[in-house]
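Survey of secondary and tertiary structure
What follows is each chain in one-letter form.
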Protein chains: 2
Amino acid sequence: MNASILNIGNELLNGLVVNTNASYIARQLDGIGVYVKRIDTVSDSRDDIVKSLEYHLPESDIVVITGGLGPTNDDITKLTLADKFGMKLQFHQPSYDNIKNLLKNRGIEVSETNRQQAMLPDGCVVLANTQGTAPGMWFNVNSKIVVSLPGVPFEMKYLMEAEVLPRLKKRVQSKTILRKLFLTTGIPESYLQDILRDWESALAENTQLAYLPEPGIVKLRISITGDDQKAVSEQLSLYESQLRKILPHEIFGTDNETIEIVVGKMLANRGKTISVAESCTGGYLSHLITSVPGSSNYFMEE
Amino acid sequence: MNASILNIGNELLNGLVVNTNASYIARQLDGIGVYVKRIDTVSDSRDDIVKSLEYHLPESDIVVITGGLGPTNDDITKLTLADKFGMKLQFHQPSYDNIKNLLKNRGIEVSETNRQQAMLPDGCVVLANTQGTAPGMWFNVNSKIVVSLPGVPFEMKYLMEAEVLPRLKKRVQSKTILRKLFLTTGIPESYLQDILRDWESALAENTQLAYLPEPGIVKLRISITGDDQKAVSEQLSLYESQLRKILPHEIFGTDNETIEIVVGKMLANRGKTISVAESCTGGYLSHLITSVPGSSNYFMEE
């Protein structure tokens, strides 16, 4: 299943806002086995939104759209999608009740502008947004799925997790995908590639290795896809033991670990504590150390 | 002048990397008066790169491409562009010398793979990359500009600043664009919009107001475009004084200022100092305070 992500918003096109919505949605889709083919950003313009859809729909089974649903920008996304799919807006009582409640809790009267947010295309599935006034919309059109979500990150994330991902999971073929990140330090990426070349070329076809370099760290990601959960899991264990044999000292952690988490674990396991004296790092070292939950057990003072 | 940004890379499509290259390039282009119409991300695939170019080129005067130039991913961007524009690869001695020098400084011999990076399309302007082994490429095709840059952020930034922006500035109509950010706190975005509605609707046509909400802060951006530098500057001063009259207490800073910078300035101006005692913030407050250059003059201890 291929997906495209379409982010609508002028603040993304002038570079004032970094598009973290796209990477969040991409990670979520990737996590359930949906391949993200393209990520596109356009302005709040009817013409640009339509052209973008025409660019994506021939090759993607699903297009996830964010943005352009706020009351201040004339709901351009909603009107454009309704027109494009030949639908009419109709009043949606549950969405109106939600808007009224949300505003009431903030001590605000419902305005005509807010009421407009409850006018929704008659052919869409409404995705109830408990976090904000703009409902999400799910369109089934010509065997494709188009989903429209608000651009506000926490509202978008709520709707992805509560409404979009559960629906999508049912449609994705139930392949097993296992992934593990191995965090290495001490070897630059190009050397690491040389060291791992033979091992990498012997990996099975259902396995992918990705190099993800960061300052001072290269993350190696192994992804294995298969029909049988147990077989995939055993394959991952095998590759892990091979990799750890090739890089006995360079792998310092896995997945979401960080240097400060790993150091914290080592301290806790050995019953040791740490103190720091900082000058030009101005508290940053102790900030890193204490950002780990439970660090008060081994962090003494500075 | 319209631009599109095309970022090539699987690490962007699976969400493991946030696309900060796009926002950097967008800010730079916006800063010289080039309007960014679209930002598109595709994989290291010939077919996807060609389709993306066909999507962008009809409406953009320039397409800035990043990624797909490293020796490990078969130079797919370079080969695709050469094919698309009917060019042949030829050996480029200055690029080869640069590659040799860079690798020599790292104590590495030039491999055949590295030598391939000096094979460049015969019709492009080579943009010398002093920061890495992949040269940038500038194509003039059918009155459009296509620029291809490495995806490594510091190499891309070097080439943008040293090679791309100076060339583009010469082609952009010499309009003046002045912008100022006003940082407000204490009023949610929707209230702020209500308060500013009358003022906003009276702004001249050459003026744009953007609301950029962040946690606890709403940034207001005024952008004014015009032919006459002095007139635009006076117009900005007028709007600033009007805005400050409407929001006498809510604007705490402008442009790149932060709360810690503003607090630091207030302390320095009054000859006051500050100490903090932190527990669960674990050094983060002092980290923020000391992240401001000169803070050792007013930050005492913790």
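Note that the structure is a prediction, hence the values are computed from the model and not measured.

To continue, consider helix α8 (residues 189-201) of chain A. Residues and elements named next belong to chain A. Taking 1.5 Å as the rise per residue, α8 with 13 residues should run 18 Å; its terminal C-alpha atoms sit 17 Å apart, in good agreement. By the largest-angle criterion, isoleucine 195 marks the main kink of α8, which is about 45°. Listed as buried for α8 are Leu192, Gln193, Leu196 and Trp199.

Ranked by internal contacts, the top residues of the largest apolar core, which has 42 residues, are A:Ile65, A:Phe139, A:Val146, B:Ile65, B:Phe139 and B:Val146. Contact partners of B:Val146, with chain neighbours within four places excluded, come to B:Leu57, B:Val63, B:Ile65, B:Leu81, B:Phe85, B:Met137, B:Trp138, B:Phe139 and B:Val141.

Turning next to the interface of chain B and chain A. Between chain B and chain A, the residue contacts involve 42 residues of the former and 42 residues of the latter. Around 3400 Å² of area is buried between chain B and chain A when both sides are counted, 52% of it from carbon and sulfur atoms. Between chain B and chain A we count four salt bridges in total. Taking the shortest distance from any N to any O, the salt bridge between A:Asp48 and B:Lys37 comes out at 3.1 Å. Counting the contacts that link chain B with chain A gives ten residue pairs in polar contact (both at pLDDT 80 or more). For the side of chain B that touches chain A, the secondary-structure elements that each account for two or more residues are α1 (10-13), α2 (20-31), β2 (35-42), α3 (46-56), α8 (189-201) and α11 (284-290) of chain B. Per element, the largest residue contribution to the side of chain B that touches chain A is eight residues, and it comes from β2(B). A per-class count over the side of chain B that touches chain A returns 15 nonpolar, 15 polar and twelve charged. Two strands pair when backbone bridges link them, and strand β2 (residues 35-42) of chain A and β2(B) are joined in this way by three bridges, in the antiparallel orientation. Pairing of A:Thr41 across the sheet is with B:Ile39, part of β2(B).

Of the two same-sequence chains, chain B is brought onto chain A (RMSD 0.1 Å, axial shift 0.0 Å) by a rotation of 180°. On this basis, the relationship between the two copies can be described by a two-fold rotation axis. Most of the interface of chain B is mirrored in chain A: 100% of its interface residues are interface residues there too.

So, on to the sheet that holds strand β6 (residues 125-127) of chain B. Reading across the sheet, the twelve strands line up as β6(A)-β7(A)-β8(A)-β3(A)-β1(A)-β2(A)-β2(B)-β1(B)-β3(B)-β8(B)-β7(B)-β6(B) and stay open at both edges, with mixed pairing between neighbours. Two strands in the sheet have a free side with no partner beyond their single neighbour: β6 (125-127) of chain A together with β6 of chain B. Here the strands of the sheet are splayed against their neighbours by 15° on average, with no regard to which way each runs. With five bridges connecting them, strand β3 (residues 62-66) of chain A and strand β8 (residues 144-149) of chain A associate as parallel partners. By the bridge assignment, A:Val63 is partnered in β8(A) with A:Val146.

Another point: a nonpolar patch on the surface. Residues and elements named next belong to chain A. Taken together, the side chains of Tyr191, Ile195 and Ile246 present a nonpolar region at the surface, about 240 Å² in accessible area. Inspection of the secondary structure assignment puts isoleucine 195 in helix α8. Given a relative accessible area of 43%, isoleucine 195 falls into the partly exposed group.

Further remarks concern the pairing of strand β9 (residues 176-185) of chain A. Residue and element names in this part refer to chain A. Here β9 pairs with strand β11 (residues 217-226) via ten bridges, running antiparallel. Bridging across to β11, phenylalanine 182 finds its partner in leucine 220. Across three bridges, β9 lies against strand β12 (residues 251-254) in antiparallel orientation. Within β12, the position partnered with leucine 183 by the bridge is glycine 253.

Buried within helix α3 (residues 46-56) of chain A are the following residues: A:Asp48, A:Ile49, A:Ser52, A:Leu53, A:Tyr55 and A:His56. End-on view of α3(A): buried residues confined to an arc of 160°, all on one side of the axis. Contacts from the buried residues of α3(A) go to β1 (2-8), β2, β3 and α4 (76-84) of chain A together with β2 and α3 of chain B.

Inspection of the entire model under this criterion finds three cavities of 30 Å³ or more. Taken as a whole, the largest cavity encloses approximately 160 Å³ of empty space. For the lining of the largest cavity, the secondary structure elements donating two or more residues are α2 (20-31) and β2 of chain A together with α2 and β2 of chain B. Partitioning the lining of the largest cavity into residue classes produces nine nonpolar, six polar and no charged.

Residues and elements named next belong to chain B. The tally for this structure, following the rule as stated, stands at 30 salt bridges over all chains. The partner of glutamate 240 in a salt bridge is lysine 180, with the nearest N and O atoms 2.9 Å apart. Here glutamate 240 is found in helix α9 (residues 229-246), whereas its partner lysine 180 is found in strand β9 (residues 176-185), with 60 residues between them in sequence. Owing to a relative accessible area of 16%, glutamate 240 belongs among the buried residues under this scheme.

Residue and element names in this part refer to chain A. Taken in spatial order, the four strands line up as β10-β11-β9-β12 in an open sheet, and their pairing is antiparallel. Where the open sheet ends on each side, the last strands, each with one partner, are β10 (207-214) and β12. Each strand of the sheet is rotated relative to its neighbour by a mean of 25°, with strand direction disregarded. Contacts between α8 and the sheet are confined to β9, β10 and β11, with β10 contributing the most and set at about 170° to the helix.

The tally for this structure, following the rule as stated, stands at seven aromatic pairs over all chains. With 3.7 Å between their ring centres and 10° between their planes, A:Tyr55 and B:Tyr55 make a pair best called stacked. Of the two residues, A:Tyr55 is situated in helix α3 and B:Tyr55 in helix α3; the pairing between them involves two chains. The same class applies to A:Tyr55 as to B:Tyr55, namely buried. Ring plane angle 55° and centroid distance 5.2 Å describe the contact between B:Phe85 and B:Phe139, whose orientation is recorded as tilted. Here the residue B:Phe85 occupies a position in the loop between α4 (76-84) and β4 (89-91), and B:Phe139 occupies one in strand β7 (residues 136-141), the gap between them amounting to 54 residues. One exposure class covers both B:Phe85 and B:Phe139, and it is buried. Over the face of the ring belonging to B:Tyr96 we find B:Arg115, whose NZ or CZ atom lies 5.7 Å from the ring centre.

What counts, and at which threshold
- Counting starts from 1 at the beginning of each chain's written sequence and moves along it residue by residue.
- Chains and ligands are labelled by the order in which they are written, letters from A for the one and numbers from 1 for the other.
- At least 70 in pLDDT is required for a residue's local features to be given in this predicted model, at least 80 for side-chain atom pairs to be given and counted, and no such filter applies to totals for whole chains, interfaces and linings, which use all residues.
- The basis for the side-chain values is all heavy atoms of the structure; hydrogens and waters are excluded.
- In this text, helices come from DSSP runs of H or I with a minimum length of four residues, and strands from runs of E with a minimum of two, each type numbered from the N-terminal end.
- Helices are assigned an expected span. That span is 1.5 Å times one less than the residue count.
- What we call the bend at a residue is the angle made by axes fitted to the seven residues finishing there and the seven residues starting there.
- Exposed residues in this analysis have more than 50% of their type's maximum accessible area, buried residues have under 20%, and partly exposed residues fall in between, with area computed by a 1.4 Å probe over protein chains only.
- Remark: nonpolar core denotes a set of buried residues (Ala, Val, Leu, Ile, Met, Phe, Trp, Tyr, Cys) joined through side-chain atoms within 4.5 Å.
- It only takes one pair of heavy atoms within 4.5 Å for two residues to be counted as in contact.
- Two parts lose some accessible area (1.4 Å probe) when they are put together, and adding that loss for both gives the buried area.
- Should a side-chain nitrogen of Lys or Arg be within 4 Å of a carboxyl oxygen of Asp or Glu, the pair is scored as a salt bridge.
- Any pair of nitrogen or oxygen atoms within 3.5 Å is treated as a polar contact; in protein, a donor-acceptor pairing is required on top of that, and neighbouring residues in sequence qualify only through side-chain atoms on both sides.
- Only Asp, Glu, Lys and Arg are considered charged in this grouping, and only Ala, Val, Leu, Ile, Met, Phe, Trp, Tyr, Cys and Pro are considered nonpolar; every other residue, Gly among them, is considered polar.
- Strands were regarded as paired on the criterion that DSSP finds at least two bridges between them.
- Copies overlap after least-squares fitting; the atoms used are the C-alpha atoms of residues with pLDDT of at least 70 in both.
- Axis lines are fitted through C-alpha atoms, for helices just across the contact stretch, and the angle between N-to-C directions can take any value from 0 to 180 degrees.
- Patch members must show over 30% relative accessible area and no salt bridge, and they are joined within 9 Å when carrying like charges or within 5 Å when they are nonpolar side chains of Val, Leu, Ile, Met, Phe, Trp or Tyr.
- All accessible-area figures derive from a Shrake-Rupley calculation using a 1.4 Å probe, and residue coverage is judged against the displayed protein chains alone.
- In this description, one arc is meant: the one made by directions from the helix axis to the C-beta atoms.
- Only protein atoms enter the 1 Å grid used here, on which a cavity is any set of points holding a 1.4 Å probe that cannot leave and a pocket is any open set flanked by protein within 12 Å on both sides along at least five of seven lines; residues with an atom within 4 Å of a point are listed as lining.
- Grid points are joined across faces, edges and corners, and a volume is the space filled by probe spheres set on the points.
- Any two of the Phe, Tyr and Trp rings considered here, Trp counted by its six-membered ring, make a pair once their centres fall within 6.5 Å; the pair's planes then place it as stacked at under 30 degrees, edge-to-face at over 60, or tilted in between.
- Counting as a charge over the ring demands two things of the Lys NZ or Arg CZ atom: a distance within 6 Å of the ring centre and an angle within 35 degrees of the ring normal.

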